[in-house]
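The lines below spell out each chain.
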Amino acid sequence: MTVAITTTPAGDILANTHEMEWLDVGGGSYFKVLRLCEKTGQWTLYVRMEPGASFQPHRHEGWGQFFIMKGELIYDVGSAPAGTYGFEPIFAVHHDAKCEVETEMLFMGEGAVTYFTPEGEIDFVLNVQTLKAAAEGTAALDVSPG
């Protein structure tokens, strides 16, 4: 039997995404949590978005990096088709992030991402702790604007 995530005392991590379940994070978006580090605040996700899925407006309180594996992410900065690497600096704000076709990406973040309601109020903060709770099934997570 294959183990989805293997770690060593030295800190090595092997995450077999084929053995992991998708975490439904609302509106046609799904995460596989590959790495969470409570010491550094870093986190790594494999993200799948169904056609028409979108993220609610948000601000990165730490940096983020992504690589589009399949499909295309369309957001304030422009179009990121398959094969695109992107870097999002601290305090980057994205009002519109969506896809029109099924899209998959590797996303690495550090720190928090603050999500906003349509009225511009803080809805919730995504960070290592909220991702951990969602992955453990002790909290729900909904990154969709709806």
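The numbering scheme is per chain: residues are counted from 1 as the chain's sequence reads. Reporting in this predicted model follows two pLDDT cut-offs: at least 70 for local features of residues, and 80 or more for side-chain atom pairs to be given and counted; totals over whole chains, interfaces and linings ignore these cut-offs and use all residues. The side-chain values count all of the structure's non-hydrogen atoms but skip hydrogen atoms and water molecules.

1. A closer look at the sheet that holds strand E3 (residues 23-24)
Hydrogen bonding along the main chain pairs the strands of a sheet, whether they run parallel or antiparallel.
So, step 1. Here 6 strands make up an open sheet; going across it, the order is E3-E4-E5-E14-E8-E11 and the pairing antiparallel. Each edge of the sheet is formed by a strand with only one pairing partner; in this case those strands are E3 and strand E11 (85-88).
So, step 2. Strands qualify as paired when DSSP identifies two bridges or more between them. Numbering of helices and strands starts at the N terminus; helices are DSSP runs of H or I of at least 4 residues and strands are runs of E of at least 2. Sheet topology note: the strand E8 (residues 64-70)/E11 ladder contains 4 bridges and is antiparallel. Within the sheet, the bridge partner assigned to Phe67 lies in E11 and is Tyr85.

2. Some details on the side chain of Thr103
So, step 1. When you line up the elements, Thr103 lands in strand E14 (residues 103-110).
So, step 2. Accessible area is worked out with a 1.4 Å probe on protein chains only. A residue is then buried under 20% of its type maximum, exposed over 50%, and partly exposed in between. Owing to a relative accessible area of 0%, Thr103 belongs among the buried residues under this scheme.
So, step 3. The contact criterion used is simple: two residues touch if any of their non-hydrogen atoms lie within 4.5 Å. Setting aside its immediate chain neighbours within four residues, Thr103 contacts Val47, Arg48, Met49, Ile68, Lys70, Gly71, Glu72 and Leu73.

3. A word on the layout of surface pockets
So, step 1. We place a 1 Å grid over just the protein atoms. Points where a 1.4 Å probe fits but has no way out form a cavity, open points with protein on both sides within 12 Å along at least 5 of 7 lines form a pocket, and any residue with an atom within 4 Å of a point lines it. Grid points are joined across faces, edges and corners, and a volume is the space filled by probe spheres set on the points. Taken as a whole, the largest pocket encloses approximately 410 Å³ of empty space.
So, step 2. The wall of the largest pocket is formed by 17 residues, among which Ile5, Val33, Leu34, Arg35 and Leu36 lie closest to the centre.
So, step 3. If you list the elements that add at least two residues to the lining of the largest pocket, you get strand E1 (5-7) and strand E4 (29-36).
So, step 4. Here the lining of the largest pocket gets 6 residues from one element, more than from any other, and that element is E4.
So, step 5. For this classification, Asp, Glu, Lys and Arg are treated as charged, while Ala, Val, Leu, Ile, Met, Phe, Trp, Tyr, Cys and Pro are nonpolar and the rest, including Gly, are polar. Of the residues in the lining of the largest pocket, the class split is 10 nonpolar, 3 polar and 4 charged.

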